[in-house]
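# Fold and geometry: a report
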Amino acid sequence: MANIDLHKPLSNDFVVPTNAQIGATESLASRANENEVACMGTLTNNLHLMMDSFYKPTPDRYKILCEAKAFPSDQYAFASQAKAHGFDPEDAIIEVSPRDGEYTLREEDILATIEQHGSSIALVIFSGIQYYTGQWFPMQSITTKAKEKGCICGWDLAHAYGNVPLKLHEWDIDFAVWCTYKYGNSGPGGIAGLFVHEKWHNIERPKFAGWWGHELSTRFKMPPQFSPISGAQGFQQSNPCILALASLLGSLQIFKEIGMLPVIRERSLLLTGHLEKLLRESKYFVPPSEAARQTPLDPCFTIITPTDPESRGAQLSLLFLPVGAGNMVKIFDYLAKHGVTGDEREPDVIRLAPAPLYNTVDDCEAAAKYLNEAFDALTS
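Throughout this document, residue positions are counted from 1 along each chain, in the order its sequence is written. Restriction of local features to residues with pLDDT of at least 70 applies here, the model being predicted, together with a cutoff of 80 or more for giving and counting side-chain atom pairs; totals for whole chains, interfaces and linings are based on all residues. Side-chain descriptors were evaluated using all non-hydrogen atoms of the structure, hydrogens and water having been removed beforehand.

In this chain, Leu 321 is followed by Pro 322 through a cis amide linkage whose omega measures -5 degrees. Helix and strand assignments come from DSSP, with helices taken as H or I runs of at least 4 residues and strands as E runs of at least 2, each series counted from the N terminus. Among the secondary structure elements, Pro 322 is positioned in the loop between strand 9 (316-321) and helix 11 (327-337). Cis geometry marks the peptide bond from Glu 346 to Pro 347; its omega dihedral reads 0 degrees. Residue placement: Pro 347 occurs in the loop between strand 10 (343-345) and strand 11 (349-352). Phi at Met 222 takes a positive value of approximately 55 degrees, unusual for a residue other than glycine. Within the secondary structure, Met 222 sits in the loop between helix 7 (216-219) and helix 8 (242-258). One non-glycine residue, Asp 348, lies in positive phi territory at about 70 degrees. With respect to the secondary-structure elements, Asp 348 resides in the loop between strand 10 and strand 11. Accessible area is worked out with a 1.4 Å probe on protein chains only. A residue is then buried under 20% of its type maximum, exposed over 50%, and partly exposed in between. Judged by its relative accessible area of 7%, Asp 348 is buried.

Below, the structure is given as structure tokens:
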């Protein structure tokens, strides 16, 4: 593995590995078989395709279990799929919420909910990483518990793809969907992807056939009968946009050049840990337990992303207090004017993510510096 200099973008300090190292690295990063993965469509479109195949409610087992306040597009998909099968979303969808005074979900609470309601749950589907809090859910234990209770288990990996190590085949995940325009660097609207575990390949055949999913050997012979490619790629429908593919390919080539996710993850842990340390040293920082217990009167912030590195990716979500005071917008504008590009999420959160491919420790220090300056300006 490369000796990483955190003061330079990763591509600048990359050391060419030996063939043996490349093989070892790729084996660690390749956590799905080729025929289990398809590069296609968009995130929500793929989610609907997968739910149409795997959400098979019965009068007794029809519920969908997810985290409370999942990304809105997912919530819309869950509700519309429930309605399409004749169920009331208010009854069919079970949402797991954090405990009072906490911002993230406890593993034991998720597992207890599956244990309690498992016989009525048709589908367990969570975000790999929660978009608002940045919590990386314990994917393996949730999947294992879901299977124990006879549930199908799927994942939305929009914020996990290219960010954290994933073992989709090994964890026995039934299906997963993701986009590539976040940590995959393909840009807004970039092509998405899906995963279907190989155990389903001879059971769940594509319902909505398309020419691009037809087996390649006869595709251009234009046969009238659909013969799908074996595995996930049979779900493909239309010829994908070549420009979208090219942007993703450029990113993937860089990932491969530097050694794939093991290298990315090591650098991510170092950078995110350094940024967290700097933020916690701020005089405006309030521990999350204190922030949840009582709302401070003076402008301040807390971090609602888990402190455990194994429960997060590159993202730190900063909650600005007092909630509803409008401080987040002012801080965000100040950061943007000084070259710190974060991401605002209502209500009152700014997501700061030191992207390991190109951010540096200097970027982290600049973010912390200008955050403190922004607060100084608010309170002066």
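Once that is clear, we can look at the side chain of Arg 351. By the secondary structure assignment, Arg 351 is in strand 11. The class of Arg 351 is buried, set by a relative accessible area of 11%. For this analysis, a polar contact is any N or O atom pair within 3.5 Å, provided that within protein one partner can donate a hydrogen and the other can accept it, and provided that sequence-adjacent residues contribute only side-chain to side-chain pairs. In this structure the side chain of Arg 351 is engaged in a polar contact, spanning 2.8 Å, whose partner is the backbone oxygen of Tyr 131. A polar contact is formed between the side chain of Arg 351 and the side chain of His 159, at a distance of 3.4 Å. By definition in these notes, contact holds between two residues if any of their heavy atoms fall within 4.5 Å. Each residue touching Arg 351, except ones within four places of it in the same chain, is listed here: Tyr 131, His 159, Gln 315, Leu 316, Ser 317, Gly 342, Asp 343 and Arg 345.

Where a domain begins and ends is set by an automatic assignment or by a domain database. Per the domain assignment, the segments making up the chain are domain 1 (18-258) and domain 2 (260-379). Averaged C-alpha coordinates put domain 1 and domain 2 at centres separated by 29 Å. Of the roughly 2,400 Å² buried between domain 1 and domain 2, counting both surfaces, carbon and sulfur atoms make up 66%. Salt bridges are defined by distance alone: a side-chain nitrogen of Lys or Arg within 4 Å of a carboxyl oxygen of Asp or Glu. Seen at the junction of domain 1 and domain 2, the total is zero salt bridges. Where domain 1 meets domain 2, there are nine residue pairs in polar contact (both at pLDDT 80 or more). Counting only elements with at least two residues in the side of domain 1 that touches domain 2, the list comes to helix 1 (19-29) and helix 8. Residue polarity follows a fixed list, in which Ala, Val, Leu, Ile, Met, Phe, Trp, Tyr, Cys and Pro are nonpolar, Asp, Glu, Lys and Arg are charged, and the others, Gly among them, are polar. For the side of domain 1 that touches domain 2, a count of residues per class yields 13 nonpolar, 11 polar and two charged. What gets called buried area is simply the loss in accessible area from a 1.4 Å probe that two parts show on being joined, summed for both.

UniProt positions are given in the numbering used here, feature names are shortened, and annotations may be inferred rather than shown by experiment. Residues given the UniProt feature "modified residue: N6-(pyridoxal phosphate)lysine" (unreviewed entry) here are Lys 182. You can see Lys 182 is positioned in the loop between strand 6 (175-178) and strand 7 (193-196). Look at Lys 182 and you get partly exposed, because its relative accessible area is 26%. With residues up to four places along the chain from it excluded, the contact list for Lys 182 reads Ala 158 and His 159.

Pairing between two strands requires that DSSP report at least two bridges joining them. Across the sheet, four strands lie side by side as 8-9-11-10; this open sheet has antiparallel pairing. Only two strands of the sheet have a single partner each, and these edge strands are strand 8 (300-303) and strand 10. Averaged over all neighbouring strand pairs, the angle between strand axes comes to 30 degrees, with direction disregarded. Pairing between strand 8 and strand 9: four bridges, direction antiparallel. Lines are fitted to the C-alpha atoms to define the axes, a helix being fitted only along its stretch in contact, and any angle between axes, read from their N-to-C directions, falls within 0 to 180 degrees.

Right, let's get into the pairing of strand 7. Of the two faces of strand 7, the one carrying Gly 193 and Phe 195 and the one carrying Leu 194 and Val 196 are both buried. Bridge count for strand 1 (residues 37-39) against strand 7 is three bridges, and the pairing is antiparallel. Pairing of Cys 39 across the sheet is with Gly 193, part of strand 7. By the bridge criterion, four bridges tie strand 6 to strand 7 in an arrangement that is antiparallel. Note that in strand 7 the partner of Ala 176 across the bridge is Phe 195.

This brings us to the packing of helix 2 (residues 43-54) against helix 3 (residues 72-84). Between helix 2 and helix 3, the least distance of the axes is 10 Å, while the angle of their chain directions is 30 degrees. Comparing the axis directions of helix 2 and helix 3 gives the class roughly parallel. The two elements helix 2 and helix 3 meet at a crossing, and its hand is right-handed. Facing helix 2, whose interface residues are Thr 44, Leu 47, His 48, Met 51 and Asp 52, helix 3 presents Ser 73, Asp 74, Ala 77, Phe 78, Ser 80 and Gln 81. Here the contact of helix 2 with helix 3 is built from residues that sort into four nonpolar, five polar and two charged. Oblique is the label for any angle not under 35 degrees, not over 145, and not in the 65 to 115 range, which are roughly parallel, roughly antiparallel and roughly perpendicular in turn. Should the near helix be turned anticlockwise from the far one by less than a right angle, the crossing is termed left-handed; should it be turned clockwise, right-handed.

On to the packing of aromatic side chains, then. Centres within 6.5 Å are what make two rings of Phe, Tyr or Trp a pair, Trp counting through its six-membered ring; a difference in plane orientation under 30 degrees is then read as stacked, over 60 as edge-to-face, and the rest as tilted. Tallying each qualifying case throughout the model produces 15 aromatic pairs. Relative to Phe 375, the ring of Tyr 284 lies with its centre 4.7 Å away and its plane at 15 degrees, an arrangement referred to as stacked. With Tyr 284 in the loop between helix 9 (261-280) and helix 10 (288-293) and Phe 375 in helix 12 (residues 361-379), this pair connects stretches of sequence that are 91 residues apart. For the pair Tyr 284 and Phe 375, one class covers both residues: buried. Of the aromatic side chains, those joined through ring pairs into one cluster are Tyr 284, Phe 285, Phe 301, Phe 320 and Phe 375. Placement of a positive charge over a ring is assigned whenever Lys NZ or Arg CZ falls within 6 Å of the ring centre and within 35 degrees of the normal to the ring plane. The positively charged end of Arg 219 is found above the aromatic ring belonging to Trp 211, 5.8 Å away from the centroid.

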